[in-house]
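Descriptive analysis of the structure
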Amino acid sequence: METITVTRISQTKRGRFALFCGEEFLFSVDSETFFAERLAEGREFEPAELDELRAKSDTRKAKDKALQYLSLRDYASGELYDKLCLKFDPHSAAAAVAKMGELGLLNDEAFARHRAKYLLGQNKSRSQIARHLAEKGVDRATVDAVLAEFYEDAGCGGEELPPDAAAALRLVEKSYGRRLAEGKRENVLAALARRGFSLRDARAAIERWQQENPGEGE
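What counts and what doesn't
- Throughout, residues of each chain are indexed from 1 in the direction in which the sequence is written.
- The predicted nature of this model means local features are confined to residues of pLDDT at least 70 and side-chain atom pairs, given and counted, to a pLDDT of 80 or more, with totals for whole chains, interfaces and linings taken over all residues.
- Computation of side-chain values covers all heavy atoms of the structure but excludes hydrogens and water.
- In this text, helices come from DSSP runs of H or I with a minimum length of four residues, and strands from runs of E with a minimum of two, each type numbered from the N-terminal end.
- Radius of gyration: over C-alpha atoms. The globule rule applied is 2.2 Å multiplied by the number of residues raised to the 0.38 power.
- Relative accessibility under 20% of the residue-type maximum defines a buried residue, over 50% an exposed one, and the middle range a partly exposed one, all with a 1.4 Å probe and only protein chains included.
- Surface accessibility in these figures is a Shrake-Rupley result with a 1.4 Å probe; residues are shielded only by whichever protein chains are displayed.
- When charges are counted, neither His nor the chain ends are considered; positive counts come from Lys and Arg and negative counts from Asp and Glu.
- To locate a charge, take atom NZ for lysine, CZ for arginine, CG for aspartate or CD for glutamate.
- Throughout, the protein atoms alone are placed on a 1 Å grid, and a set of points is a cavity if a 1.4 Å probe fits but cannot get out or a pocket if it is open with protein on both sides within 12 Å along at least five of seven lines; lining residues have an atom within 4 Å of a point.
- Grid points are joined across faces, edges and corners, and a volume is the space filled by probe spheres set on the points.
- Amino acid classes used here: Ala, Val, Leu, Ile, Met, Phe, Trp, Tyr, Cys and Pro are nonpolar; Asp, Glu, Lys and Arg are charged; the rest, including Gly, are polar.
- Buried Ala, Val, Leu, Ile, Met, Phe, Trp, Tyr and Cys residues that are joined via side-chain atoms within 4.5 Å together make up what is termed a nonpolar core.
- Contacts are assigned to residue pairs with any non-hydrogen atoms lying within 4.5 Å of each other.
- Any Lys or Arg side-chain nitrogen located within 4 Å of an Asp or Glu carboxyl oxygen qualifies as a salt bridge.

With that out of the way, let us pick up the overall build of the protein. In terms of regular secondary structure, the protein is built from ten helices and five strands. On C-alpha atoms alone, the protein measures out to a radius of gyration of 27 Å, which is more than a quarter above the 17 Å that the 2.2 N^0.38 rule sets for 218 residues. Here the C-alpha coordinates of the protein stretch approximately 90 × 30 × 30 Å along the principal axes. Burial statistics for the protein: of 218 residues in total, 38% are counted as buried. Accessible area of the protein: about 12900 Å², with a carbon and sulfur share of 47%. One way to put it: in the protein the 35 positive side-chain charges average out to a point 6 Å from where the 38 negative ones average out.

So, in structure tokens, the structure goes:
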């Protein structure tokens, strides 16, 4: 089998080591891979060995990139994987995500709980929050479990509204009170439906607004 000889090695501005065969650039490796593999000019590789070397370096680079992303903000594992796949092959991306999990830097349940609490504070509906978490790569079971913490048995007693109805009421107070005062109840119902609120919760919010603002929109 024909071998490939590394005829020249040069260090890049980013501290990586570029490998060449003649005038052809092969690829660059990180310093850890370079020294661990004792790379040197004149070393010969079979094509499969060279592919394995590239994969090792790419995986280490993907892990470094994952750490960089996580230093800026929290990620769900699926979201981090998708972002890494924009720069790395699926194997390297998956290995990096797995390593972040081993280091305790990824926790989908904690991520989902924190993000759901924030979105609920932004008056998002349950369906909007569920869709957002799914888009971030959180699995369905985790989404359901986390949302149950916020919605199960909430607002079932006294005068307290359920979370979605309460969020819809805050939106009505902020953005739709004038329309209701003008008698445009159906328009407001449609607007709330577009935001993912159920008809029941939208009606409950409007009825509460009308109770608190007697004589308006009737």
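As a volume, the largest pocket reaches approximately 220 Å³. As for the largest pocket, its lining consists of R14, R16, D30, K61, D64, K65, Q68 and F88. Grouping the amino acids of the lining of the largest pocket by side-chain chemistry returns one nonpolar, one polar and six charged.

On to unusual backbone geometry, then. Positive phi is not limited to glycine here, since R38 has a value of about 50°. Turning to its location among the elements, R38 is positioned in the loop between α1 (31-36) and β5 (44-45). Exposure remark for R38: the relative accessible area of 72% places this residue in the exposed category.

Let us look at the nonpolar core. One finds V172, Y176, L180, V188, L192 and F197 to be the most contacted residues of the largest nonpolar core, which totals 19 residues. Mapped by element, the contributors of at least two residues to this core are α8 (163-181), α9 (185-194) and α10 (199-212). Ranked by residues supplied to this core, first place goes to α8 with nine residues. Here V172 is in contact with G177, L180, V188, L192 and W209, once residues within four sequence places are set aside.

Our focus in this paragraph is the pattern of salt bridges. Within this structure, the stated rule accounts for eleven salt bridges. One salt bridge connects E32 with R60, and the closest N-O pair in it is separated by 3.3 Å. You can see E32 sitting in helix α1 and its partner R60 sitting in helix α2 (residues 47-72), a full 28 residues away along the chain. Across the salt bridge formed by E186 and R185, the nearest N and O atoms sit 4.0 Å from each other. One connected set of salt bridges, linked through shared partners, spans R73, E79 and K136.

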